[in-house]
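Spelled out, the chains give:
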Amino acid sequence: MTRWIVRPAAKSDWATIAAVERASFGRLSWGEASLRDGLSEPLVSALVAIRDGGAEPHGFTLWRTLGDEAEILSIGVRPGARRQGAAGAMMAAALEDARAEGLRAMFLEVDAENVAARALYAKLGFYLVGRRKGYYRNGHDAHVLRKDL
Ligand SMILES: CC(C)(COP(=O)(O)OP(=O)(O)OC[C@H]1O[C@@H](n2cnc3c(N)ncnc32)[C@H](O)[C@@H]1OP(=O)(O)O)[C@@H](O)C(=O)NCCC(=O)NCCS
């Protein structure tokens, strides 16, 4: 079982985050410039997952504070490192950080056809609070999910 270390992203991680994001989202990638803008926003927190004893991030999570709520903006894990608990570890850390900030709920949008992500969020206790038809550039609907903190 891989043990993941989750820590705040440093500026030196940004190029790796951009590569993992590109590999994770393909045509729907934000692109490096938008990603860097997002990473620089004051209310945005970025986490990376590193294998215990390793150095290179294999996953990233971006979330932000909106009033007394948190929102996951993006999460991705390098294709070769999936299904080993990296996303679960990052989500647990983001939820813990949001709780520590006194926030009352975490929200996110997920492609209704993204089986892996929907299973991840269901396992973490997120539940459906809304649907947005044709929300994504590929025409897919979004599910809006919430977890109370
Ligand atoms: C979704 C994603 C972040 C999951 O990352 P991951 O590190 O592989 O996830 P984990 O190993 O922590 O999985 C945690 C749980 O999520 C669920 N899950 C993850 N991948 C799954 C898959 N391919 N099929 C079904 N369930 C899956 C399982 O319940 C899993 O627990 P288990 O392995 O004990 O069964 C990863 O597949 C990814 O980067 N996808 C492309 C980008 C993306 O879709 N991001 C989400 C946008 S909302």
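Look up a bit, the structure's there.
Residues numbered from 1 in each chain as written. Predicted model: local features only at pLDDT ≥ 70, side-chain atom pairs only at ≥ 80, totals over all residues. Heavy atoms only, no water.

1. Remarks on the site of the ligand
For the ligand, the set of nearby residues contains 21 residues, the closest of which are R83, G85, G88, N114 and K123. Take V77: an N or O atom from its main chain is 2.9 Å from an oxygen atom of the ligand. Measuring from an oxygen atom of the ligand, one finds a backbone N or O atom of R83 at 2.7 Å. Notes on the ligand: free accessible area 910 Å², of which the protein chains cover 77%. Only helix 1 (14–25), strand 4 (69–77), helix 3 (86–100), strand 5 (105–111) and helix 4 (115–123) provide two or more residues apiece to the shell around the ligand. Among the elements that line the shell around the ligand, the one with the most residues is helix 4, at 6 residues. (Near = heavy atom within 4 Å. Polar contact = N/O pair within 3.5 Å; in protein donor to acceptor, adjacent residues only side chain to side chain. Areas by Shrake-Rupley, 256 points an atom, 1.4 Å probe, with all protein chains shown as cover. Helix = DSSP H or I, 4+ residues; strand = E, 2+ residues; numbered from the N terminus.)

2. Details of the sheet that holds strand 5
Spatially, 7 strands are ordered 1-2-3-4-5-7-6 in an open sheet, and the strand pairing comes out mixed. Of all the strands in the sheet, the pair left with one neighbour each is strand 1 (4–8) and strand 6 (127–132). Ignoring strand direction, the axes of neighbouring strands in this sheet form an average angle of 25°. Inspection of the sheet shows strand 4 paired to strand 5 by 3 bridges, in the parallel sense. When the sheet's bridge partners are listed, A70 is paired in strand 5 with M106. The strands touched by helix 1 are strand 2 (44–51), strand 3 (57–66) and strand 4; relative to strand 3, the strand with the most contacts, the crossing angle is about 90°. Across the sheet, helix 4 lies against strand 4, strand 5 and strand 7 (142–148), angled at about 160° from strand 5, the strand it touches most. (Pairing = 2+ DSSP bridges. Axes fitted to C-alpha atoms, helices over the stretch in contact; angles between N-to-C directions. Contact = heavy atoms within 4.5 Å.)

3. Quick notes on the nonpolar core
Counting residues in each nonpolar core, the largest one holds 25 residues, and the members touching the most others are W63, I72, M91, M106, L108, Y121 and F126. Counting residues per element, the ones that place at least two in this core are strand 2, strand 4, helix 3, strand 5 and helix 4. With 8 residues, the top contributor of residues to this core is helix 3. Once residues within four sequence positions are removed from consideration, M106 is found in contact with A70, I72, M91, A94, L95, A98, F126, L145, R146, K147 and L149. Residues I17, A18, V20 and F60 belong to the second largest nonpolar core, which totals 12 residues. (Core = buried A, V, L, I, M, F, W, Y, C linked by side-chain atoms within 4.5 Å. Buried < 20%, exposed > 50% of the residue type's maximum accessible area, 1.4 Å probe, protein only.)

4. What about the packing of aromatic side chains?
Under the criterion given, the structure shown has 2 aromatic pairs. With a centroid separation of 5.7 Å and an interplanar angle of 65°, the aromatic rings of Y121 and F126 are classed as edge-to-face. The exposure class of Y121 is buried, given its relative accessible area of 5%. Its relative accessible area of 8% is what places F126 among the buried residues. Measuring from centroid to centroid gives 5.0 Å for Y135 and Y136, while their planes differ by 90°, and the two rings are edge-to-face. When its relative accessible area of 39% is taken as the criterion, Y135 is described as partly exposed. (Phe/Tyr/Trp six-rings, centres within 6.5 Å; stacked < 30°, edge-to-face > 60°.)

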